[in-house]
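Fold and contact review
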Amino acid sequence: MNYRLGLFLMLITLAACSNNKKPVSGQTDISIHKQWKYNTVRSASNNPGLIGKHILDLTNKDTLHFSYQSVKNNSTAYSYSILHDTIFVNKKAAYKIIKLTGDELDLCILFRSDSVKAVPDSVVMIYKAK
């Protein structure tokens, strides 16, 4: 009897959580694979940092193109992959996807080392779809 009750409660929980993946009303083009223009930074320490205006081009599903807006037609290419909610660039640098909508991408830098598990930074970079 307890087994059936536990299974029933787990199924209800899974059904309730499945609605979290639905797109926001009116937004049908939710994809990370597009060009993103750096917009602003949000920091827990209220330190805006010096990130600089740049473009992330994720239209290719395995090569990220990074370019500064001030340097036209000159981008740097990096291999990347996405696993769950994390972007791995050159299999090293990692960025956690905090928010993804049709027109906004929020990324948090994850610092990693061989001896320490990835830890999110307090800085969130906010991008707008280009």
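The shown structure was predicted, so the numbers you read here are calculated from the model rather than taken from an experiment. One numbering rule holds for all chains: residues counted from 1, following each sequence as written. Given that this is a predicted model, residues contribute local features only at a pLDDT of at least 70 and side-chain atom pairs are listed and counted only at 80 or more, while totals for whole chains, interfaces and linings are drawn from all residues. For the side-chain quantities, the full set of heavy atoms in the structure was used; hydrogens and water were omitted.

1. A few points about the pattern of salt bridges
Side-chain pairs of opposite charge can arise where the charged atoms are in close proximity. Between Lys or Arg on one side and Asp or Glu on the other, a salt bridge is scored when a side-chain nitrogen of the former is within 4 Å of a carboxyl oxygen of the latter. Counted under the stated rule, the structure contains 3 salt bridges. One salt bridge connects Lys99 with Glu104, and the closest N-O pair in it is separated by 3.5 Å. Think of it in three bands: residues with accessible area under 20% of the maximum for their type are buried, residues over 50% are exposed, and the middle band is partly exposed, with areas taken using a 1.4 Å probe on protein chains only. Exposure remark for Lys99: the relative accessible area of 37% places this residue in the partly exposed category. Judged by relative accessible area, Glu104 falls into the buried class, the value being 13%. A salt bridge links Glu104 to Lys128; the nearest nitrogen and oxygen atoms lie 2.9 Å apart. One end of the pair, Glu104, is in strand 7 (residues 104–111); the other, Lys128, is in strand 8 (residues 119–129), with 24 residues separating them in the sequence. Through salt bridges with shared partners, one network takes in Lys99, Glu104 and Lys128. Helix numbers and strand numbers start at the N terminus; a helix is a DSSP run of H or I with at least 4 residues, a strand a run of E with at least 2.

2. Let's talk about the pairing of strand 2 (residues 54–57)
Judged by which residues are buried, strand 2 turns out to be covered on both faces: His54 and Leu56 on one side and Ile55 and Asp57 on the other are all buried. Sheet topology places strand 1 (residues 35–43) next to strand 2; 3 bridges connect them, and they run antiparallel. Across the sheet, the residue bridging to Lys37 is Ile55, located in strand 2. As paired elements, strand 2 and strand 3 (residues 63–68) share 4 bridges and run antiparallel to each other. Along strand 3, the bridge assignment pairs Leu56 with Phe66. Between any two strands, at least two bridges found by DSSP are needed for them to pair.

3. Quick look at the side chain of Lys34
If you trace the backbone, Lys34 turns up in the loop between helix 1 (2–18) and strand 1. By relative accessible area, Lys34 is classed as buried at 14%. In this structure the side chain of Lys34 is engaged in a polar contact, spanning 2.7 Å, whose partner is the backbone oxygen of Gly102. Ignoring sequence-local partners within four residues, the contact set of Lys34 consists of Asp29, Leu56, Asp57, Leu58, Thr59, Gly102 and Ala129. Counting of polar contacts relies on pairs of N or O atoms within 3.5 Å, with two restrictions inside protein: one atom must be capable of donating a hydrogen and the other of accepting it, and residues adjacent in sequence are counted only when both atoms are side-chain atoms. Should any heavy atoms of two residues lie within 4.5 Å, those residues are counted as being in contact.

4. Thoughts on the packing of aromatic side chains
Whether two aromatic rings pair depends on their centres lying within 6.5 Å, for rings of Phe, Tyr and Trp, where Trp uses its six-membered ring; planes under 30 degrees apart make the pair stacked, over 60 edge-to-face, and the rest tilted. One pass over the full model with this rule turns up 2 aromatic pairs. Seen from their ring centres, Tyr38 and Tyr127 are 5.9 Å apart, and the 75° between their planes marks the pair as edge-to-face. Within this pair, whereas Tyr38 is found in strand 1, its partner Tyr127 is found in strand 8, the two being separated by 89 residues in sequence. The class of Tyr38 is buried, set by a relative accessible area of 9%. Look at Phe66 and Tyr68: their rings are 5.1 Å apart centre to centre, the planes differ by 90°, and that puts the pair in the edge-to-face class.

None of this, on its own, says anything about what the molecule does.
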